[in-house]
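# Understanding the architecture of this molecule
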Amino acid sequence: MDYFILCFGRTDFTRMTVDAILANASAPPRITLINNGWNARFVPPTILTYWTDFTQEYLDCGKVQAVHQIDAPVIGRALDAFAAPALDQAGRYYVITDNDCVVDNRGGAQAFDEVAVARMDAHPELQKLGAFLYIRISLEHARQFPVFAPSLPHYLPIDFDHDPSFARTPEGMQDLAAYRGQARVVDPIDPGIAHMPVDTTFSILRTPHRVTQANRLSPTLLGVEILHVGFFEPYFYNPGSRLSNLEFVYYQLLRPKVLTEFADIYAQRASRYVTNLTKAGHADLVGETDGLIRSNWR
């Protein structure tokens with residue numbers, strides 16, 4: 001099956017997303033990275049090296065089949081980028097995902113792609129199903145994803161007692177039961193689908209249907225375990241690579257300027273991340289990156 005991963009910076013998150021698909025898919029994945037403008041026009045050469053080295057490595061070893069380059073970011077409407085690369089018309093279905101979604105089978109009887117295909121086969125009228133994502137997560141939940149868990153101890157100290165993204169315990173997570181009181185609930189005939197709108201973050205689509213900003217929502221696919229590692233953006237830290245950290249700060253500062261749909265939210269996240277880095281004793285990263293973005297961005 002074809003997988004299209006929408007990327008803009010966050011190389012370490014992209015690596016996790018790719019590795020999780022490869023580790024958990026039952027059918028061999030054909031992975032294409034859609035590079036939404038993370039290039040020399042917008043990123044200093046030194047920082048860009050972290051992305052280009054990663055993509056070359058994954059192309060050389062066959063983990064990624066292609067990198068689709070978009071010259072300039074799809075300003076304000078990044079989801080339109082999913083319509084850019086050509087589809088493999090031989091496949092009945094394909095998957096799209098952001099580059100911060102770690103999928104895992106978590107001991108289920110079926111692999112995640114088998115679950116998704118089975119639900120699409122059962123509902124030929126559906127063009128798209130988006131996987132269920134928790135609105136809040138706990139650290140205990142995050143530690144259950146092997147691709148992500150080893151990096152978590154290196155992240156900045158997580159004050160999840162006061163962070164609205166995190167619940168103290170798994171029982172405090174926003175889970176499926178919390179949705180059952182809403183007007184649109186689990187399908188009475190098919191418990192693998194919920195009739196509530198979900199975004200494109202990790203979705204299976206029927207070929208040749210394409211997703212754009214205008215048709216981003218769909219019913220929800222249940223039974224597929226996804227960790228949205230974007231929750232951990234404000235606490236990201238890679239002790240093994242200064243370049244990785246510089247890239248991540250630069251991404252945080254650049255994102256509100258180019259992905260304008262949620263510019264205010266992105267600016268708040270960038271401020272929070274910079275504050276956390278400074279408190280953790282890494283103000284030098286902030287100062288160096290701030291100078292780069294001032295000299296590079298016009």
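Summarised in this report is the structure supplied together with it. (Residues numbered from 1 in each chain as written. Predicted model: local features only at pLDDT ≥ 70, side-chain atom pairs only at ≥ 80, totals over all residues. Heavy atoms only, no water.)

### Examining the sheet that holds strand β9 (residues 218-221)
Our working definition: A strand pair is defined by DSSP finding two or more bridges across the two strands. Going along the chain from the N terminus, every DSSP run of H or I of four or more residues is numbered as a helix, and every run of E of two or more is numbered as a strand. Axis lines are fitted through C-alpha atoms, for helices just across the contact stretch, and the angle between N-to-C directions can take any value from 0 to 180 degrees.
Judged by pairing direction, the sheet is mixed, and its eight strands sit side by side in the order β3-β2-β1-β4-β8-β6-β9-β7 without closing on themselves. The strands lining the two open edges of the sheet, one partner per strand, are β3 (66-70) and β7 (193-198). Taking each pair of neighbouring strands and ignoring which way they run, the sheet shows an average axis angle of 30°. Here six bridges tie strand β1 (residues 2-7) to strand β2 (residues 30-36), and the two strands are oriented parallel to one another. Each residue of the ladder has a partner; that of isoleucine 5, found in β2, is leucine 33.

### Some words on the side chain of aspartate 2
The criterion, for reference: Polar contacts, as counted here, are pairs of nitrogen or oxygen atoms within 3.5 Å of one another; within protein the pair requires one atom able to donate a hydrogen and one able to accept it, and residues that are adjacent in sequence qualify only if both atoms are side-chain atoms. Contacts were defined at the residue level, with two residues in contact if any of their heavy atoms lie within 4.5 Å.
The residue aspartate 2 is located in strand β1 in this model. Only 3.2 Å separates the side chain of aspartate 2 from the side chain of arginine 30, close enough to count as a polar contact. In contact with aspartate 2, other than residues within four places in its own chain, are Arg30, Asp88, Tyr93, Tyr94 and Val95.

### Examining the packing of aromatic side chains
The cut-off we apply is this: In summary, the pairing rule links any two rings of Phe, Tyr or Trp, Trp by its six-membered ring, whose centres are within 6.5 Å, and it sorts them by plane angle into stacked for under 30 degrees, edge-to-face for over 60 and tilted for everything else. Exposed residues in this analysis have more than 50% of their type's maximum accessible area, buried residues have under 20%, and partly exposed residues fall in between, with area computed by a 1.4 Å probe over protein chains only.
All told, the structure shown has 22 aromatic pairs when counted by the stated rule. Between phenylalanine 248 and tyrosine 251 the ring centres are 5.9 Å apart and the planes differ by 55°, which places this aromatic pair in the tilted class. Of this pair, phenylalanine 248 and tyrosine 251 both sit in helix α6 (residues 242-258), separated by three residues, roughly a single helical turn. Each of the two residues, phenylalanine 248 as well as tyrosine 251, counts as buried.

### Notes on the pattern of salt bridges
Any two side chains of opposite charge can pair if their charged atoms end up close together. Short version of the rule: By definition, a salt bridge exists where a carboxyl oxygen of Asp or Glu is found within 4 Å of a side-chain nitrogen of Lys or Arg.
The full count for this structure, using the stated rule, is 14 salt bridges. A salt bridge links aspartate 190 to arginine 119; the shortest N-O distance between them is 2.8 Å. Placement of the pair is aspartate 190 in the loop between α5 (176-179) and β7 and arginine 119 in helix α3 (residues 112-122), with a sequence separation of 71 residues. Arginine 272 is paired through a salt bridge with aspartate 163; the nearest N and O atoms lie 2.5 Å apart. In this pair, arginine 272 is assigned in helix α7 (residues 263-279) and aspartate 163 in the loop between α4 (139-142) and α5, connecting sequence segments 109 residues apart.

### Some details on α6
The test is simple: Expected span of a helix, by definition, is 1.5 Å for each gap between consecutive residues, and there is one gap fewer than residues. What we call the bend at a residue is the angle made by axes fitted to the seven residues finishing there and the seven residues starting there.
The terminal C-alpha atoms of α6 lie 24 Å apart, and with 17 residues this matches the ideal 24 Å at 1.5 Å per residue to within 8%. Within α6, the axis deviates most sharply at glutamine 252, by approximately 30°, and proline proline 256 lies no more than four positions further along. Of all 17 residues that make up α6, 13 are buried, and the element is covered over most of its length.

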